[in-house]
Structure formats: C-alpha cells, structure tokens
Amino acid sequence: MQTRDEEYMRSNQLPSFIRLAIAEALIIILTTIVYLPVAFATARDTTPRTETEAAPLVGTIQVNVSSDGDNLDPNSGCDTDAAASGEQCSLRAAVQRANALAGDDEITFNIPSTQPNCDPSVNRCTINLLKPLPDLTTNIRITSQGIDKITVRRNGIGGDFRVFRVVGQNDVTFSGLRVENGRLPGIAAGGAIADDSSGIVNVVDSIFTDNTAGLTAGFGGAVANNIEGTLNVINCFFADNHANTFGGALTNAGPGTLNIISSVILHNDVTTPNVSGKIGGGGGVSNTGSGTLNITNSIVADNLVEGPAGDSTLQGAGVVNYADGTVNVTSSVIYKNFSRSDGGGISNLEGTLHVSNSTITQNRGNGGGLLGQGTIKSSVVAKNNAGPFTGSDVSGAFTSEGFNLIGVADGSTGFTEPNDLKGTVATPLDPKFDPNGVEIISFSTPIPVPGMPLCGSPAIDKGNSNGQLTDFRGAGFPRVIDDPDETNAADGADIGAFERQTPCAAITFTVNNTSDADDASSGDGNCD
C-alpha cells in the first residue's frame, strides 16, 4: 500500500474565515437531488430552490453574555442573574426560554466585547459550555450576527458531551456559528450536532472543528443525522473532526436525508481501534442506513480511514455508503483521501451510488477512486495512487452512462460506452490536469483543488453538462465553453467538475522579452 502524501494541508489548524455569499433561504427541503451549482469564490446562483416558508416568529431572544448560566425562570424571560441590572441572557438560558415558549423563536447574539472570552479586535466571542445544553424541542433559529463571530464549545472541565441536540418534529436552523470540541463518551453520534428529530434541520455558514463522536463507538465526529429527518448542510467547513467507526465529519445513520451543498470537508478522520475485523469508513462522510446522502458542489479532501494494516473492513476514506442507502455525488471534487485498506475516494459495496460531473483524483487505497458498484456519468476518475496497478483507479462492477475518463480501468467492468475514455495499467490515460490546481477561496483560505484540464487534455469537450449551467465553481464559470478545435462528444462540456474557461484555439501568445526561459506551466494557456 502506498504511503500517504505527507501532511498536505495538515500543518495548520483551521484558519480564520469570512462569509461566502449564499442563497437567502434557510429552510430548504430537497425532495430530489438539487443539481443547481453553487459558487465558492463568487456570488451564488440565485435560481430559486425548492423551499418552504418559515412560520412566523413568536419571539426573538437575544444572548448578551458569554457566560453559561441557567435561566432563573424560563417562563418569564431570559435572565441568569437577578442581582444585575437588566436581563443577563446566556445561550443556555435562551434555549431554555425558547423551549418554554409555544411557537417559533429566534435566538440572536449581541454580546458586548467587554464580556469574558471576547476579542474586541475581531468582534468575536466564545461561549464555553460547562455541561450539555438542553435539547432543542421546538422550532428555533440560532443565528450569529456574522460568520465566525460566535464560537460555541465544550469546556473540558465539564466532562464529555455534545454541543447541540435536536429532537421531536421540529424545524431548526443554525447559522453563522463555529462549533468546537464536542466530545461524546460511549456509543454515540454527532459530537457537535445530533439531529434526532423527524423535522428539518439547516446548518448554514458554519464551521466545525475538533469535534469527536462516541469514544467507544462513534459516528459523525461533528454532525449526525440519526433518524428520518432532513438535514441540510449549506456552505459549511469541517476540519479536524474525529470518529472511530463511521463518518469522521458527518454521518447519515438512518432512513433520513443528508444534503451537503457547497461545503468543504477537509482533514477529518476515522481511526478504528487496533483490533482485527473492526469496521470503519467514511473519513469525511458516511451513509450507514437506508437513507439518502446528496453531495453537491462540494470538496471532500485529505480525509483518513486508519486502522489495522490491510484490514478489508476499512473502506471509503472520502465517502462510504455502507448499507443499502443511496449516495449521489454531483459536481464535486473528491481528492487526496487516504484509506489504509480499500476505497480511497468513494466506497459503495451494497447500496446505490450515482456520480456525475465530478472529479475523483489523488486518492489512496485499493479502488483508489471508486470501490464497489455505482452509476457514473461525465466524471474523471484518474491519477489515484502513486502509480498504476489493477484497481488503482476503479475496482468493481459499474454502470456507465457515458462520457467518463478513467485513468486505469483494469480491475473494473462496465465502462463500455463508446464515448468513455479509459486507460490500462500498461498505458494509463492521463487527464492532463493543471499541476498547480485551481485556487478555490473557501472562508478566505486559498485551497489548490486538482482537476482543471490543460490544453491537450482528452477531457476537453468530451463530457455532458447534464443540464448544469455552471461548473463546480458556480456563477461566472459557465458549464459549457466550446473549443472550436475539439469535436464534441455531447454538448461541449468538459468531463469532470471543472470547465476550462478559455478555448485553446483562442489563445494568442505575444513575445514581450528577449530572454530564453522555459514556460512555468506548459499547457495552462498562459505564457509566463
């Protein structure tokens, strides 16, 4: 087994972030896969999504202290200190007040910078929880005044517990929060948020780092959708979250639906005990029940599944579909994930898998890109593992809907459509990606993402847009840029998540100096 690339993007903890523009709607029901592209570095597509109107708010509760006191009387207001002038409303007291009120409530924050654990230079406050928050038992919106202005974290002196839990048949929204250090004992799921409801939970514009699921058997280090509810994760960042069974960052554990849209899932892990036969998978995301997991316009990268060397029960470092559920991956990039055993990118042995307009590359493991079975369309699965071998890119029985580029098809069956492009161990097919990647600005942090075809790439104009208007990057990056020198396989879209924006035939180079230096990146369309 090839060794893992050395600590790519792992040398630093999660950096500071700023808001990415996203759609205004917070309550979103996705009854089918949403194939609308969403931008990372540019304004979002404003095409309406399927949504439902939120019920009128009964009351707005404003948190104005960073302490963690209980509400003195939730039925009368939000106050933790009878001796102080005015209400002293903590987050805990606000949740207790919201639970006591009938109807829908919104919890907002207006904590003075002079409060403990507040940094006035960046207008950011941290709320250290000393014990579990009350379950959210009614329709509640918890909304920060801006991205990364409010951190809610478990204080280690209070023992092991998660941060938020949603129960009942309620609609709950978390927006603009950073949630850290949730940690669960025993057998448990969701170190930061557990959705144990049958309603709709929206997690928007939020950051999750250093959360851990159950220490005995853990699922969904940061977020878990546990029963039949719908959980929408929109424009969020997950880094350095941990589990020891399934779902280093997120898990969909029941018959419900987990929608991940325009989010980054980076450097999370599933590390199983060093016991032979211990199951584990989905270093980034897992789907372990009969439900549906939809990943759209997202990055799943640099996640790990670790355990006893060579143990075949470890699968899917990026994404695993472990039972009979359904996973749909659309217009996403799955890269640089590492499995100690099988399925570096995506593993699906029993359930249903659909992959379209996506790029799966630089993953490590047997079946480095794809393992098991699934239906694949207009996607690149190439340059996984350090070198070609049988199963280095794909391993299993697949159904092709055409327009795919498979670097090494040996080890798989099904890529037989006349417009499929594929190589072998002896002669791998090089997609000719830009070696520098594409710089995606995610929460103010530049991330080099692989998959942009250089001039001369066999992926150019050989894909199918599937009706998408923009590529993986969203607004400002049309899905179809027709190169007049290339014969179209369908509508002129490129294979994979990225669309080359400059037709190679349209490039004119002007010599502007007398030196004799080599081009810094041959094939990128720039003479420099």
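Everything below is about the structure shown above.
Residues numbered from 1 in each chain as written. Predicted model: local features only at pLDDT ≥ 70, side-chain atom pairs only at ≥ 80, totals over all residues. Heavy atoms only, no water.

Participant: What is the right way to look at the overall build of the chain in this model?
Facilitator: Of regular secondary structure, the chain possesses one helix and 44 strands. Counting only residues that meet the buried cut, the chain has 60% of its 528 residues in that class. As displayed, the chain offers around 19200 Å² of accessible surface, 49% of which is attributable to carbon and sulfur atoms. (Helix = DSSP H or I, 4+ residues; strand = E, 2+ residues; numbered from the N terminus. Buried < 20%, exposed > 50% of the residue type's maximum accessible area, 1.4 Å probe, protein only. Areas by Shrake-Rupley, 256 points an atom, 1.4 Å probe, with all protein chains shown as cover.)

Participant: Looking at this structure, I do not really get a negative patch on the surface. What am I missing?
Facilitator: A surface patch of like charges, here negative, comprises Asp516, Asp518, Asp519 and Asp528. The exposure class assigned to Asp519 is partly exposed, which follows from its relative accessible area of 31%. (Patch = residues over 30% accessible without salt bridge, like charges linked within 9 Å, V, L, I, M, F, W, Y side chains within 5 Å. Salt bridge = Lys/Arg side-chain N within 4 Å of Asp/Glu carboxyl O. Lys, Arg positive; Asp, Glu negative; His and termini not counted. Charge placed at Lys NZ, Arg CZ, Asp CG, Glu CD.)

Participant: Explain the state of the cysteines to me, please; I cannot follow it from the model alone.
Facilitator: Where two cysteines share a covalent bond between their sulfur atoms, that bond is called a disulfide. The full count for this structure, using the stated rule, is three disulfides. Here Cys78 pairs with Cys89 through a disulfide, and the sulfurs are 1.9 Å apart. The sign of the S-S torsion, about 75°, decides the handedness of the disulfide formed by Cys78 and Cys89: right-handed. Of the two residues, Cys78 is situated in the loop between strand S1 (57-63) and helix H1 (91-100) and Cys89 in the loop between S1 and H1; the sequence distance between them amounts to 11 residues. Looking at the chain, its bonded cysteines, counted consecutively from the start of the sequence, adopt the pairing 1-2, 3-4, 5-6. (Disulfide = S-S within 2.5 Å.)

Participant: Is there a simple way to think about the pairing of strand S30 (residues 326-330) in this case?
Facilitator: Across a regular strand the side chains alternate sides, sitting on one face of the sheet and then on the other. Within S30, four of the five residues are buried, which leaves the element mostly enclosed by the surrounding structure. One ladder, built from five bridges, connects strand S25 (residues 292-296) with S30; its direction is parallel. When the bridges of S30 are listed, Asn294 appears paired with Asn328. Pairing analysis gives five bridges linking S30 to strand S34 (residues 352-356), with the strands arranged parallel. Bridge pairing links Thr326 to Thr352 in S34. (Pairing = 2+ DSSP bridges.)

Participant: Would you mind going over the packing of aromatic side chains with me for this structure?
Facilitator: Given two aromatic rings, their pairing is described by the distance between the two centres and the angle made by the two planes. Taken as a whole and assessed by the stated rule, the structure comprises six aromatic pairs. Here the aromatic rings of Phe219 and Phe246 are separated by 6.2 Å at their centres, their planes lie at 20°, and the arrangement is stacked. A residue pair is termed long-range when its members are at least 10 positions apart, and Phe219 in strand S14 (residues 217-219) and Phe246 in the loop between strand S18 (242-243) and strand S19 (250-252) qualify at 27 residues. What makes Phe219 partly exposed here is its relative accessible area of 24%. With a relative accessible area of 3%, Phe246 lands in the buried category. Of the aromatic side chains, those joined through ring pairs into one cluster are Phe219, Phe246 and Tyr322. (Phe/Tyr/Trp six-rings, centres within 6.5 Å; stacked < 30°, edge-to-face > 60°.)

Participant: I would appreciate a short explanation of the environment of Ala243 in the present structure.
Facilitator: The residue Ala243 is located in strand S18 in this model. The buried category is assigned to Ala243, whose relative accessible area is 7%. In this structure the C-alpha to C-alpha distance between Ala243 and Gly220, which are 23 residues apart in sequence, comes to 6.3 Å. For Ala243, the contacting residues outside a window of four places in its chain are Ala213, Gly218, Phe219, Gly220, Gly221, Gly248, Asp269, Val270 and Thr271. (Contact = heavy atoms within 4.5 Å.)

Participant: Sorry, what's going on with the side chain of Asn384 here?
Facilitator: Tracing the backbone shows Asn384 in the loop between strand S38 (380-381) and strand S39 (394-400). Note on Asn384: relative accessible area 2%, which makes it buried. Engagement of the side chain of Asn384 in a polar contact is seen with the backbone nitrogen of Gln362, the distance being 3.2 Å. Separated by 2.9 Å, the side chain of Asn384 and the backbone nitrogen of Asn363 make a polar contact. Those residues within four positions of Asn384 in sequence are excluded, and the remaining contacts are Ile360, Thr361, Gln362, Asn363, Arg364, Gly368, Gly369, Ser392 and Asp393. (Polar contact = N/O pair within 3.5 Å; in protein donor to acceptor, adjacent residues only side chain to side chain.)

Participant: What's the story with the environment of Pro478 in this structure? I'm lost.
Facilitator: Here Pro478 is to be found in the segment after strand S44 (445-449). Taking the C-alpha atoms as reference points, Pro478 and Gln468, separated by 10 residues in sequence, lie 8.7 Å from one another. Among residues more than four places away in sequence, those in contact with Pro478 are Leu469, Thr470, Asp471, Glu499 and Gln501.

Participant: Even after reading the chapter, I still don't get the nonpolar core, so can you show me in this structure?
Facilitator: Of all hydrophobic cores here, the largest spans 66 residues; its most connected members are Leu91, Ile107, Phe164, Phe174, Phe238 and Leu250. Ranked by residues supplied to this core, first place goes to H1 with five residues. Not counting chain neighbours up to four residues away, the residues in contact with Ile107 comprise Ile61, Val63, Leu91, Ala94, Val95, Ala98, Ile140, Arg141, Ile142 and Thr143. (Core = buried A, V, L, I, M, F, W, Y, C linked by side-chain atoms within 4.5 Å.)

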